[in-house]
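Examining the three-dimensional arrangement
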Amino acid sequence: MKLIRARDYKHMSRQAANIISAQVILKPDSVLGLATGSSPIGAYQQLIKWYEKGDVDFAEVQTVNLDEYIGLDAENEQSYAYFMRNQFFDHINIDQSKTHIPDGTNLDAEAECERYDRLIHSLGGIDLQLLGLGPNGHIGFNEPDDYFPKGTHRVELTKATIHANMRFFASVNDVPRAAYTMGICDIMQAHRVVMVVSGEGKAEIVKKAFYGPVTPQVPASILQLHKDFTLVADEAALKYVTE
Ligand code: GLP
């Protein structure tokens, strides 16, 4: 594991954007695994700026997103499909037919999960997977459990996650109770994984996930075993990490 210490959210975002842009410059047809949540927004904004300056070109990039709420269609403002267009895709020269997100309107979980895993496979796997960190250690929507789920699957969200994500919805009752998410194997097979973490609220889980035992009760802890994992975190999130 490689640790990049950033001063604050802005610096963290810039450092992560640097790694992503280097990936795209070196391999213009990269498959990027992308994430939602508040943590990666700054990196997306930085990449948009560099695109506008002509420094990075997304024309040949393919993307696969980690997860999507079940029951929300792509036009719903709370869907991750909408988030990705709004925060990133609509502002760069990506071919939107090359951007992929699980289909939250497909209620046939088995068919949707199989389709998504086949799609990732058909793209040749993920070159770089960007991740955030849930307050309970979840990655994508892989929640704490007794085992590491392998491929894309349907999850019932935990109370903690519903609570953490209600800030994006009008009320807690509007937060969907289930989602599709890539599995741990999909994420671990990415050639390179980059996680962005910011703020004191994540300090305890950072310490537990990356300096404690590898356990499915803290899904992100498995990244300690990844051969090319970079944690980009700010000082506040690294409060308990002295390394
Ligand atoms: C959601 C997403 C995760 C994300 C997490 C953390 O649950 N499914 O992929 O990492 O939120 O969000 P934030 O970055 O806003 O703390």
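Look a little higher up for the structure.
1. Topic: the sheet that holds strand 8 (residues 178-181)
- Read across the sheet, 3 strands follow the order 4-8-7 without closing on themselves; strand pairing throughout is antiparallel. Bordering the open sheet on either side are strand 4 (67-69) and strand 7 (153-156), each of which pairs with just one other strand. For this sheet, the mean angle separating the axes of adjacent strands, direction not counted, is 25°.
- Taken together, the 4 bridges between strand 7 and strand 8 define a ladder with antiparallel strand orientation. Following the sheet pairing, glutamate 156 is matched in strand 8 by alanine 178.

2. Details of the site of the ligand
- Among the 13 residues in the neighbourhood of the ligand, the closest are listed as Ser38, Ser39, Asp67, Arg167 and Lys202.
- Take serine 39: an N or O atom from its side chain is 2.5 Å from an oxygen atom of the ligand.
- Interatomic distance of 3.3 Å between a backbone N/O atom of glycine 140 and a nitrogen atom of the ligand.
- When the free accessible area of the ligand is taken as 390 Å², the share hidden by the protein chains comes to 96%.
- Across the shell around the ligand, the residue classes tally to 3 nonpolar, 7 polar and 3 charged.

3. Digging into the nonpolar core
- Membership of the largest hydrophobic core comes to 33 residues, with the highest contact counts inside it found for Met195, Val206, Phe210, Leu223 and Leu231.
- The biggest single contributor to this core is helix 7 (residues 203-211), with 4 residues.
- Excluding its chain neighbours within four sequence positions, the residues that come into contact with phenylalanine 210 are Met1, Leu133, Met195, Ala220, Leu223, Gln224, Phe229 and Leu231.

4. Observations concerning helix 7
- Residues of helix 7 that are buried: Ala203, Ile205, Val206, Ala209 and Phe210. All buried residues of helix 7 lie within an arc of 160° about the axis, which places them on one face of the element. In helix 7, those exposed residues whose orientation departs by more than 90 degrees from the buried face are Glu204 and Lys208.
- On the buried face of helix 7, the contacting elements are strand 9 (192-197) and strand 10 (229-234).

5. A few points about the packing of aromatic side chains
- This structure, assessed with the given rule, holds 8 aromatic pairs.
- Their ring planes at 20° and their centres at 4.6 Å tell us that tyrosine 44 and phenylalanine 88 sit as a pair that is stacked. Separated by 44 residues along the polypeptide, tyrosine 44 in helix 2 (residues 41-52) and phenylalanine 88 in the loop between helix 3 (80-87) and strand 5 (99-100) bring together distant segments of the chain.
- Exposure remark for tyrosine 44: the relative accessible area of 0% places this residue in the buried category.
- Residue classification places phenylalanine 88 among the buried residues on the basis of a relative accessible area of 1%.
- With centroids separated by 5.6 Å and ring planes inclined at 80°, the aromatic side chains of tyrosine 69 and phenylalanine 169 adopt a geometry described as edge-to-face. With tyrosine 69 in strand 4 and phenylalanine 169 in the loop between helix 5 (159-165) and strand 8, this pair connects stretches of sequence that are 100 residues apart.

6. Remarks on the pattern of salt bridges
- Taken as a whole and assessed by the stated rule, the structure comprises 9 salt bridges.
- Two residues, lysine 27 and aspartate 127, come together in a salt bridge whose shortest N-O distance is 2.8 Å. Pair noted here: lysine 27 is in the loop between helix 1 (9-26) and strand 2 (31-34) and aspartate 127 is in the loop between helix 4 (109-122) and strand 6 (128-131), with a separation of 100 residues, a long-range link.
- By relative accessible area, which is 32% here, lysine 27 ends up partly exposed.
- For glutamate 114, the salt bridge identified is with arginine 118, shortest N-O distance 3.2 Å. In this pair, glutamate 114 and arginine 118 both sit in helix 4, 4 residues apart, roughly one turn of the helix.
- Classification of arginine 118 as exposed rests on a relative accessible area of 52%.

Cut-offs applied
Residues numbered from 1 in each chain as written. Predicted model: local features only at pLDDT ≥ 70, side-chain atom pairs only at ≥ 80, totals over all residues. Heavy atoms only, no water. Pairing = 2+ DSSP bridges. Helix = DSSP H or I, 4+ residues; strand = E, 2+ residues; numbered from the N terminus. Axes fitted to C-alpha atoms, helices over the stretch in contact; angles between N-to-C directions. Near = heavy atom within 4 Å. Polar contact = N/O pair within 3.5 Å; in protein donor to acceptor, adjacent residues only side chain to side chain. Areas by Shrake-Rupley, 256 points an atom, 1.4 Å probe, with all protein chains shown as cover. Nonpolar A, V, L, I, M, F, W, Y, C, P; charged D, E, K, R; others polar. Core = buried A, V, L, I, M, F, W, Y, C linked by side-chain atoms within 4.5 Å. Buried < 20%, exposed > 50% of the residue type's maximum accessible area, 1.4 Å probe, protein only. Contact = heavy atoms within 4.5 Å. Arc of directions from axis to C-beta. Phe/Tyr/Trp six-rings, centres within 6.5 Å; stacked < 30°, edge-to-face > 60°. Salt bridge = Lys/Arg side-chain N within 4 Å of Asp/Glu carboxyl O.

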